[in-house]
Amino acid sequence: PITILILVVLFSVQKHGTAVMGKVFGPITLLWFTVLGILGAIKIFQYPEILSSVNPAHALYFFEENSWKGFTVLGSVFLVVTGGEALYSDLGHFGKKPIRLAWFSVVLPALVLNYFGQGAMLLHDPRAIKNPFFMMAPDWAVLPLVILATFSTVIASQALITGVFSLTMQAVQLQYVPRVKISHTSHEERGQIYVKSLNWILMFACIALVLTFRSSSNLAAAYGIAVTTTMVITTVLFYFFARHHWKWNPVYAFVLCAFFLVIELSFWGANLLKIAAGGWFPLLVGLIIFSIMTTWNTGRRIIAARMSEIIKTMSEFLEEIKADSPHRVPGFAVYMSGHPSQIPATVVQIYRHFKCLHEHIVFLSIMTTDLPHVPPSNRIRLQNIGPQVYRIIVSYGFMDLPDISAELKNSIILDQHTVFDPNQATFFLGREHLMATEREGMAIWREKLFAIMSRNAQNATSFFNLPKGRVVEIGSMIEL
């Protein structure tokens with residue numbers, strides 16, 4: 001019950017942002033790691049023979065003496081190094097410099113000192129194995145240490161929550177999950193965000209986890225498999241990134257990754273023995289999330305393929321309006337276009353049914369680059385592609401939150417006679433009504449899942465922050 005209460009309070013304050021909580025959490029975290037380091041240093045000073053454990057011969061002797069039992073012990077020993085795998089998600093939230101500074105100057109030294117201190121105490125008194133961490137402290141300090149450990153656990157959870165928010169925003173930008181409402185919680189720091197829907201999903205999921213496993217010891221098996229699998233996948237991804245992005249020599253990349261994989265696969269294999277004891281849980285969660293992400297990404301590509309059957313290329317559209325000379329009504333029409341070289345289905349439908357077009361036509365494309373951020377000065381590109389027909393391309397990084405109203409708030413000169421005012425324009429959006437069918441694409445259950453996600457995704461008007469009251473949606477039926 002106490003754990004559930006802590007979770008409810010923790011998730012309830014997320015909407016206030018990490019900047020507010022950081023003012024409270026920062027000093028507590030610094031105190032926690034300082035205490036860890038001091039407790040460990042005292043024991044190391046008392047029993048300095050523990051320092052000889054850095055000799056790898058001890059590890060070889062251990063496995064020689066214990067063989068298979070020694071291998072299974074890796075599944076428990078691995079929990080010592082967990083936590084570091086979460087740093088890469090926080091890199092996206094706080095940036096490289098603060099993470100590196102905190103890790104190398106405070107966190108890593110404190111952890112090494114504390115674990116060596118626990119080892120020193122166990123060498124001196126093996127009976128301390130029942131609770132080595134708290135037995136390092138004098139009797140009068142145990143209760144304050146329990147309280148401090150509880151606060152530190154909450155803060156560690158906070159770090160993971162903020163990391164999840166950052167990864168979710170990046171997944172939305174890269175079209176791997178549906179659009180969700182993302183709120184900025186800081187006017188000074190970029191990347192300080194809050195995802196309301198995900199926050200409450202996480203809270204109920206964590207409560208269900210607590211009710212299912214009931215103790216941290218029961219959760220250890222699930223945690224070990226989750227972390228080791230993450231590390232193995234990260235190393236494999238790093239190999240491909242180094243080969244294709246950094247253009248490394250394949251031999252160098254393979255040797256480096258193989259070195260880490262030998263260690264990680266050893267831990268991973270030892271943790272696989274715990275699947276029945278709870279390790280199945282993270283594998284199930286990972287499979288569900290993987291299915292959701294691949295279904296959404298594949299579904300968006302299927303929609304693009306279906307729409308390409310009815311839309312036209314830019315050159316075809318320009319030739320048609322040149323030949324037909326349709327009636328042009330005054331004003332600006334802005335058509336959201338997913339692909340800069342194609343005409344969106346909305347303009348095709350309007351022209352087909354009403355046989356007229358606006359005097360000024362603007363195709364607005366929002367592109368997500370491979371970079372985390374695109375400077376505001378480089379975001380907008382303007383092209384004049386035909387008589388009173390223009391294309392505006394707004395580029396964002398995968399960690400930038402789109403805000404079209406902010407990008408277009410300053411008047412844009414389309415040509416020497418035309419100034420674009422977004423508050424006088426009409427924005428036309430397409431809204432797809434999806435139907436699961438037997439057509440080639442995805443399995444029926446995935447098509448139905450995609451349709452459900454599409455219906456519940458945040459609408460484009462809110463997500464891109466288009467000018468209020470200036471949006472018209474044009475619907476179309478699409479068979480998946």
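The structure this text deals with has already been given above.
Just so we're clear, the structure is a prediction, and the values are computed from it rather than from any experiment.

Conventions and cut-offs
Counting from 1, residues in each chain are numbered in the order their sequence is written. In keeping with the model being predicted, local features are shown solely for residues with a pLDDT of at least 70 and side-chain atom pairs are shown and tallied solely at 80 or more, while totals for entire chains, interfaces and linings include all residues. Only hydrogens and water are set aside when side-chain values are computed; all heavy atoms of the structure are taken into account. In DSSP terms, a helix is any run of H or I states spanning at least four residues, a strand is any run of E spanning at least two, and both are numbered starting from the N terminus. A 1.4 Å probe rolled over the protein chains alone gives each residue an accessible area, and that area as a share of the maximum for its type sets the label: buried under 20%, exposed over 50%, partly exposed in between. Contacts are residue-level and defined by heavy atoms, with any inter-residue pair within 4.5 Å sufficient. What sets the accessible areas is the Shrake-Rupley method with a 1.4 Å probe; for residues, cover comes only from the shown protein chains. In this count, Lys and Arg are taken as positive residues and Asp and Glu as negative ones, while His and the chain termini are left out. Think of each charge as sitting on NZ of Lys, CZ of Arg, CG of Asp or CD of Glu. We define a polar contact as two N or O atoms separated by no more than 3.5 Å, with the added condition that, inside protein, one atom must be a possible hydrogen donor and the other a possible acceptor, whereas residues neighbouring each other in sequence contribute only through side-chain atom pairs. Any two rings among Phe, Tyr and Trp, with Trp reduced to its six-membered ring, count as a pair given centres within 6.5 Å; such a pair is stacked if its planes are under 30 degrees apart, edge-to-face if over 60, and tilted if neither. For two strands to be treated as a pair, DSSP must find at least two bridges joining them. Axis lines are fitted to C-alpha atoms, over the contacting stretch for helices. Their N-to-C directions set the angle, which ranges from 0 to 180 degrees. We define the nonpolar core as a collection of buried residues of types Ala, Val, Leu, Ile, Met, Phe, Trp, Tyr and Cys that are connected through side-chain atoms lying within 4.5 Å of one another. Just to be clear on terms, a salt bridge is a Lys or Arg side-chain nitrogen sitting within 4 Å of an Asp or Glu carboxyl oxygen. Under the convention used throughout, the expected extent of a helix is 1.5 Å for every residue step, that is, one less than its residue count. Note that the bend at a residue is defined as the angle between axes fitted to the seven residues ending at it and the seven residues starting at it.

(A) View of the overall build of the protein. Each helix and strand counted, the protein has 16 helices and ten strands in total. The proportion of buried residues among the 480 residues of the protein is 40%. Taking all contacts inside the protein whose residues are at least 6 apart in sequence as the whole, residues at least 24 apart take part in 76%. For the protein, the exposed area adds up to about 27400 Å²; of that, 66% sits on carbon and sulfur atoms. Charge separation in the protein, taken as the distance between the mean sites of 36 positive and 28 negative side-chain charges, equals 3 Å.

(B) Region of interest: the side chain of Ser152. The topology assignment puts Ser152 in helix α7 (residues 142–173). Polar contacts involving the side chain of Ser152 include one to the main-chain carbonyl oxygen of Leu148, which spans 2.8 Å.

(C) Unusual backbone geometry, seen in detail. One non-glycine residue, Lys247, lies in the positive phi region at around 60°. Along the chain, the position of Lys247 falls in the loop between α9 (216–244) and α10 (250–272). Overall, Lys247 belongs to the exposed group, its relative accessible area being 63%. Residue Asn465 is not a glycine yet carries a positive backbone phi of 55°. Looking at the secondary structure, you find Asn465 in the loop between α16 (460–463) and β10 (471–479).

(D) Main features of the environment of Met435. You can see Met435 is positioned in strand β9 (residues 425–435). C-alpha of Met435 to C-alpha of Glu479: the two residues are 44 residues apart in sequence and 4.9 Å apart in space. Setting aside anything within four residues of it in sequence, one finds Met435 in contact with Met477, Ile478, Glu479 and Leu480.

(E) Seen up close, the packing of aromatic side chains. For the structure on display, the rule yields 20 aromatic pairs. Relative to Phe63, the ring of Phe62 lies with its centre 5.5 Å away and its plane at 75°, an arrangement referred to as edge-to-face. Relative accessible area serves as the criterion here: at 32%, Phe62 is assigned to the partly exposed category. When the centroid spacing of 5.0 Å and the interplanar angle of 15° are considered together, the rings of Tyr335 and Phe428 count as stacked. One end of the pair, Tyr335, is in strand β3 (residues 327–336); the other, Phe428, is in strand β9, and 93 residues separate them in sequence.

(F) Summary view of the sheet that holds strand β4 (residues 356–368). The sheet built from six strands is open, its strands ordered β5-β6-β4-β3-β9-β10 with mixed pairing. Edge strands, defined here as strands with exactly one partner in the open sheet, are β5 (380–386) and β10. Ignoring which end each strand starts from, the neighbouring axes of this sheet average 25° apart. The pairing of β3 with β4 spans eight bridges and is parallel. Pairing of His327 across the sheet is with Cys356, part of β4. Running over the sheet, helix α11 (residues 275–308) touches β9 and β10 and is turned about 95° from β10.

(G) Representation of the nonpolar core. Formed by 43 residues in total, the largest nonpolar core has its most connected members in Ile182, Leu364, Ile404, Leu414, Phe420 and Phe464. It is α7 that contributes the most residues to this core, six residues altogether. Excluding its chain neighbours within four sequence positions, the residues that come into contact with Leu364 are Val334, Tyr335, Met336, Ser337, Ile392, Val394, Ile404 and Phe427.

(H) Quick look at the pattern of salt bridges. Applying the stated criterion to the full structure yields four salt bridges. Here Asp125 makes a salt bridge to Arg127, at a shortest N to O gap of 3.1 Å. By relative accessible area, Asp125 is classed as partly exposed at 22%. Assessed through its relative accessible area of 67%, Arg127 is described here as exposed. A salt bridge links Glu473 to Arg431; the nearest nitrogen and oxygen atoms lie 2.7 Å apart. With Glu473 in strand β10 and Arg431 in strand β9, this residue pair connects regions lying 42 residues apart in the sequence. Judged by its relative accessible area of 35%, Arg431 is partly exposed. A cluster of three or more residues bridged by salt bridges with shared partners is formed by Arg379, Asp400 and Glu407.

(I) Quick peek at α7. Over its 32 residues, α7 runs 47 Å from end to end, which matches the ideal 46 Å to within 8%, given 1.5 Å per residue. One or two residues past the end of α7 sits Gln175, with phi positive at roughly 60°.

(J) Looking closely at helix α5 (residues 96–124). Here α5 spans 40 Å end to end across 29 residues, near enough to the 42 Å set by a 1.5 Å rise per residue. Of all the bends in α5, the greatest, near 45°, is centred on Trp103. Looking only at α5, the buried set comprises Ile99, Val107, Ala110, Asn114, Gly117, Gln118, Gly119, Ala120 and Met121.

(K) Broad picture of the pairing of β3. One ladder, built from four bridges, connects β3 with β9; its direction is parallel. Bridge pairing in β9 places Tyr335 opposite Phe428.

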